[in-house]
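Analysis of the macromolecular model
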Amino acid sequence: MNKLVSWALAAALIGLPIQGMAAYQGGDVKDGGSISGTVKFKGTAPAPKKIDVSKDKEVCGKTPKTDESLIVSNGNLVNAVVTITDINSGKKMEVARVTLNQQGCDYHPRVLAFPAGSTVEIVNPDGILHNIHSYSKINPAFNMAQPKFKKTIEQKIEKPEVIQVKCDVHGWMEGWLVSTANPYFAVTENSGSFKLTDVPPGTYTVQVWHEKLGTSTQKVTVKAKEDAKVNFEMAGK
Ligand SMILES: [Cu+2]
C-alpha cells in the first residue's frame, strides 16, 4: 500500500473530512434556541430597470419585465439568504424535493434554497423551449434543453453551493439555487425577516447572502430556549 492510499484510508477510518469542513451531523436538539431578525437595505434603493421581452412575447409577456435582481420592499431586502456558516451539528437535515418553475419565462422563485442532497424539479408549463444552464463550480454544471413536451427535469444537487442558473433561450431569465451545508437557512420575503429555529446553544456565524449585495456576517450567541436577535443592513455597491 503506498503512502497516499494508506493516508486516505486512515483519514476515512477516523472520519476526517478529505476536503472542506466537517460534514454536518443531524439529530435531536434539546433546549434549542432560535435566531431571528431582519435584513434591511441601507439607503434608498435604485428604481429597478425594465427588461425588454425580445422573444416569445405571447408567452413571456408583451410588456417589459422588471429587473428583480434587487428587490427592496419598505426598506426590507427581499431574496436574501440567511444561513449559519459554522454549525456542525443540530437538527436533522431533511433533503427535499423542491420546485423551480419557469412559468412566464421567469424563475419562480428567483432564489431557491434547500439542503444539499435535495432534488430540484425544474418545471416548464410554458409550452415553449427553455434551456436551463447552471454555472456551478463545485457541483457538476448542467445545461439542458427543455422543449415544450418535457414538462419536468429533475436535478439532484449533492454539495453546498450558490449556483446561478440562466436560460440560454431567454437572456433575461436568471435564478439562483442555494444548496446549503446544514438545515439552518431562510430566504427573506417582503418583510425582510427570518427565523432559524432549534439551534443548539452556542456561538455561531450568521451570514446573509444577496446576489447583488454580496455577503455580510455577524456572530451571535444562542442560549437555551431563547431567541437571539440579529439584524442586518446591506449596502448597495
Ligand atoms: Cu427560457
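Please refer to the structure higher up on the page.
Read on for a plain summary of the structure. None of these values were measured; they are calculated from a predicted model. (Residues numbered from 1 in each chain as written. Predicted model: local features only at pLDDT ≥ 70, side-chain atom pairs only at ≥ 80, totals over all residues. Heavy atoms only, no water.)

**Brief notes about the coordination of the copper ion**
Binding of the copper ion to the protein goes through His-130 (ND1), Cys-167 (SG), His-170 (ND1) and Met-173 (SD), at separations of 2.0 to 2.7 Å. If you look at the copper ion, its four donor atoms make angles of 97 to 134 degrees with each other, and the shape they trace is tetrahedral. We note that the donor set of the copper ion lies within a single chain, spaced as H-x36-C-x2-H-x2-M. With His-130 in strand S12 (residues 130-134) and His-170 in the loop between strand S15 (161-167) and strand S16 (174-180), this pair connects stretches of sequence that are 40 residues apart. The same class applies to His-130 as to His-170, namely buried. (Donors = N, O, S within 2.8 Å, 3.2 Å for Na, K, Ca; no water. Tetrahedral: all angles 85-135°; square planar, octahedral: opposite > 155°, others 65-115°. Helix = DSSP H or I, 4+ residues; strand = E, 2+ residues; numbered from the N terminus. Buried < 20%, exposed > 50% of the residue type's maximum accessible area, 1.4 Å probe, protein only.)

**Some details on the nonpolar core**
Membership of the largest hydrophobic core comes to 25 residues, with the highest contact counts inside it found for Ile-35, Val-39, Ile-84, Phe-194, Leu-196 and Val-199. Looking at this core, the elements with two or more residues in it are strand S2 (33-42), strand S7 (81-84), strand S18 (193-199), strand S19 (202-210), strand S20 (214-222) and strand S22 (232-235). Each residue touching Ile-84, except ones within four places of it in the same chain, is listed here: Ile-35, Asn-182, Tyr-184, Leu-196, Val-199, Tyr-204 and Thr-205. With 22 residues, the next largest nonpolar core counts Leu-100, Ile-132, Ile-153 and Leu-177 among its residues. (Core = buried A, V, L, I, M, F, W, Y, C linked by side-chain atoms within 4.5 Å. Contact = heavy atoms within 4.5 Å.)

**Comments concerning the pattern of salt bridges**
Opposite charge on two side chains permits them to pair, given that their charged atoms come into close proximity. The final tally for this structure, using the stated rule, is 11 salt bridges. Between Asp-106 and Lys-65 there is a salt bridge, and its shortest N-O distance comes to 2.8 Å. You can see Asp-106 sitting in the loop between strand S9 (97-101) and strand S10 (111-115) and its partner Lys-65 sitting in strand S4 (residues 65-66), a full 41 residues away along the chain. With a relative accessible area of 22%, Asp-106 lands in the partly exposed category. A salt bridge links Glu-154 to Arg-97, with the nearest nitrogen and oxygen atoms 2.4 Å apart. (Salt bridge = Lys/Arg side-chain N within 4 Å of Asp/Glu carboxyl O.)

**Comments concerning the pairing of strand S11 (residues 119-123)**
For S11, the tally of buried residues reaches five of five residues, placing the bulk of the element in the interior. Here S11 shows a buried face lined by Thr-119, Glu-121 and Val-123 and a second buried face lined by Val-120 and Ile-122. Both S9 and S11 contribute to a ladder of five bridges, which runs parallel. Paired with Leu-100 across the two strands is Ile-122, which belongs to S11. The pairing of S11 with strand S14 (residues 152-156) spans five bridges and is antiparallel. Each residue of the ladder has a partner; that of Glu-121, found in S14, is Glu-154. (Pairing = 2+ DSSP bridges.)

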